[in-house]
Structures are given as structure tokens and as C-alpha cells.
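Descriptive analysis of the structure
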Amino acid sequence: DDSGDEPWPDEVVAAEDDGVLPTIFLGATLARKLELAVGDAVMLVDPGASMDHAAAPQFRRYRVAGVFRAGFQEYDSQLAYVHIRELQYFKYRGKDTVSGIDLRLRDLYDAPEVADRLRETIDGNEYTILEWQKLNANLFQSIRTQKTILTIIIGLVAMVAGFNVLTAIWTMVMRRSAEIAIL
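About the thresholds
Residues numbered from 1 in each chain as written. Predicted model: local features only at pLDDT ≥ 70, side-chain atom pairs only at ≥ 80, totals over all residues. Heavy atoms only, no water. 1 Å grid on protein atoms, 1.4 Å probe; cavity = no way out; pocket = protein on both sides within 12 Å on 5 of 7 lines; lining within 4 Å. Points joined across faces, edges and corners; volume = space filled by probe spheres on them. Nonpolar A, V, L, I, M, F, W, Y, C, P; charged D, E, K, R; others polar. Buried < 20%, exposed > 50% of the residue type's maximum accessible area, 1.4 Å probe, protein only. Helix = DSSP H or I, 4+ residues; strand = E, 2+ residues; numbered from the N terminus. Core = buried A, V, L, I, M, F, W, Y, C linked by side-chain atoms within 4.5 Å. Contact = heavy atoms within 4.5 Å. Pairing = 2+ DSSP bridges. Axes fitted to C-alpha atoms, helices over the stretch in contact; angles between N-to-C directions. Phe/Tyr/Trp six-rings, centres within 6.5 Å; stacked < 30°, edge-to-face > 60°. Lys, Arg positive; Asp, Glu negative; His and termini not counted. Salt bridge = Lys/Arg side-chain N within 4 Å of Asp/Glu carboxyl O.

On to the layout of surface pockets. Of the pockets and cavities examined, the largest pocket occupies roughly 1,900 Å³. Every residue lining the largest pocket is counted, 38 residues in all, and those nearest its centre are Gly-100, Ile-101, Asp-102, Leu-103 and Leu-135. Partitioning the lining of the largest pocket into residue classes produces 25 nonpolar, eight polar and five charged.

As C-alpha cells, this is what we get:
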């Protein structure tokens, strides 16, 4: 921080009983952007459920226990993992609450059908059901765009190559038209 402001005051940070910080795992790009390595301490801030400043933000220190590389830029640059009990303590003030459940299916293409069945059986206003196709819509749109652009570029290369071959043969025939007439 080059702003010259004072660092976060220590009294805001929740003090751990035994001096051991809970652990966090960071995506490789995120860790590099924040200049963090394994063993460094990092402070997480939860601004609260709303930005109307009705609830005071929560602060908590974590020790970086590892850096992961998912191979997907969006995950590597935005995700951090902590133990679920630690997240419940921090985010939900100790309540036994979860914000989502992931389901793994044997056949991943059954996801829309399973999502429809879940929507029929549980309250749609209280829960949000999101299939992997919608969750990764940006990735699939990017792949579709790249595929279209690649098809256009390869088509143009094939047209230019075909035109060059046609021109070379036509030029060769025109130069040798007298020889062809003799034959």
C-alpha cells in the first residue's frame, strides 16, 4: 500500500486464542497479484450482507497454507478456500449455515433434468439452482467465439491458398499456350 495510510488497527482483528491463525488456500494468480506466499498472513474483510453500512464489517487474519492452480484463469484469480467451519464462524457469525451445495452427477449432461426436478421439489424463492452450463456460460461463450473466429481465419487462408494455386496454373497455361496449341 503506497497510500501512506496507517495499516489496519490490531484491535479490529479478532484475536486468536492460541496465536495460531486459521489457514487459507489461494489461487495462483490471486496469490501472485497480492504478492503472497505460503506462510504469509492475509486479512479477509467481510463488508456485510449489504453495502448500506447497517452492519459493521468483519475482519479476520488467515495464514496462507497453500497456493493452487486450477488451470482456469477465472478460478486462479478469484478463488480462496478455507475450512467450512472457519467460513461459518467468519461469514455467518458462528451459525451452522451454508450458502450452497454442489452436486456431482455420474452423467454431467443430466444436470438440467436434475435441476428441474429440484426446482419442483424445493422452494424456488429461497434457493437458487444453477447448472454447470449456466455457471460457466462466459467460458462457453468465449470458446464459441474463438471457434467462429478460427473457422473464419482458416477459411480465409484456404481461399488465399486456392487462389494462389489457381493463379499459378492459369499463368503457366497462358505462357505455354503456343506449346499447347502445337500439341
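Text resumes after the structure shown.
Moving on to helix α3 (residues 84-91). Among the residues of α3, those classed as buried are Glu-86, Gln-88 and Phe-90. Looking one or two residues past α3, Arg-93 carries a phi angle of roughly 55 degrees, positive in sign.

With that settled, the discussion passes to the nonpolar core. Of all hydrophobic cores here, the largest spans nine residues; its members are Ile-24, Leu-26, Leu-30, Ala-31, Leu-36, Val-42, Tyr-62, Val-64 and Phe-90. Looking at this core, the elements with two or more residues in it are β1 (23-27), α1 (28-33) and β3 (58-68). Beyond its immediate stretch of four places on either side in the chain, Phe-90 contacts Leu-44, Val-45, Asp-46, Gln-58, Phe-59, Arg-60 and Tyr-62.

Right, let's get into the sheet that holds β1. Strand pairing in a sheet takes place through backbone hydrogen bonds and is either antiparallel or parallel in direction. Reading across the sheet, the four strands line up as β2-β3-β1-β4 and stay open at both edges, with mixed pairing between neighbours. Since the sheet does not close on itself, it has two edges, and those belong to β2 (41-46) and β4 (80-81), each with one partner. With six bridges connecting them, β2 and β3 associate as antiparallel partners. Within β3, the residue paired with Met-43 across the bridge is Arg-61. Seen against the sheet, α3 touches β2 and β3 and runs at an angle of roughly 155 degrees to β3.

Further remarks concern the packing of aromatic side chains. Taken as a whole and assessed by the stated rule, the structure comprises four aromatic pairs. Ring geometry for Phe-72 against Tyr-75: centres 4.7 Å apart, planes inclined by 90 degrees, an arrangement best described as edge-to-face. Judged by relative accessible area, Phe-72 falls into the buried class, the value being 18%. Note on Tyr-75: relative accessible area 30%, which makes it partly exposed. Geometrically, the ring pair formed by Trp-132 and Phe-140 is edge-to-face, given 5.6 Å between the ring centres and 75 degrees between the ring planes. The class for Trp-132 is partly exposed, based on a relative accessible area of 27%. The partly exposed category is assigned to Phe-140, whose relative accessible area is 25%. In textbook terms, an aromatic cluster arises when at least three aromatic residues are bridged by ring pairs, as seen for Tyr-109, Trp-132 and Phe-140.

Time to look at unusual backbone geometry. One non-glycine residue, Glu-35, lies in the positive phi region at around 55 degrees. Its relative accessible area of 70% is what places Glu-35 among the exposed residues.

This next bit is on the environment of Leu-105. Mapped onto the elements of the fold, Leu-105 is located in the loop between α3 and α4 (111-121). Overall, the relative accessible area of 34% leaves Leu-105 in the partly exposed class. Filtering out sequence-adjacent residues up to four positions away, Leu-105 remains in contact with Asp-110, Ala-111 and Val-114.

On to the side chain of Asp-76. With respect to the secondary-structure elements, Asp-76 resides in helix α2 (residues 73-78). With no salt bridge to any partner, buried Asp-76 finds its closest opposite charge in Arg-69, at an N-O distance of 5.1 Å. Filtering out sequence-adjacent residues up to four positions away, Asp-76 remains in contact with Gly-27, Ala-28, Thr-29, Leu-30, Phe-68, Arg-69, Ala-70 and Gly-71.

Fair warning: the whole summary comes from geometry, so function is off the table for now.
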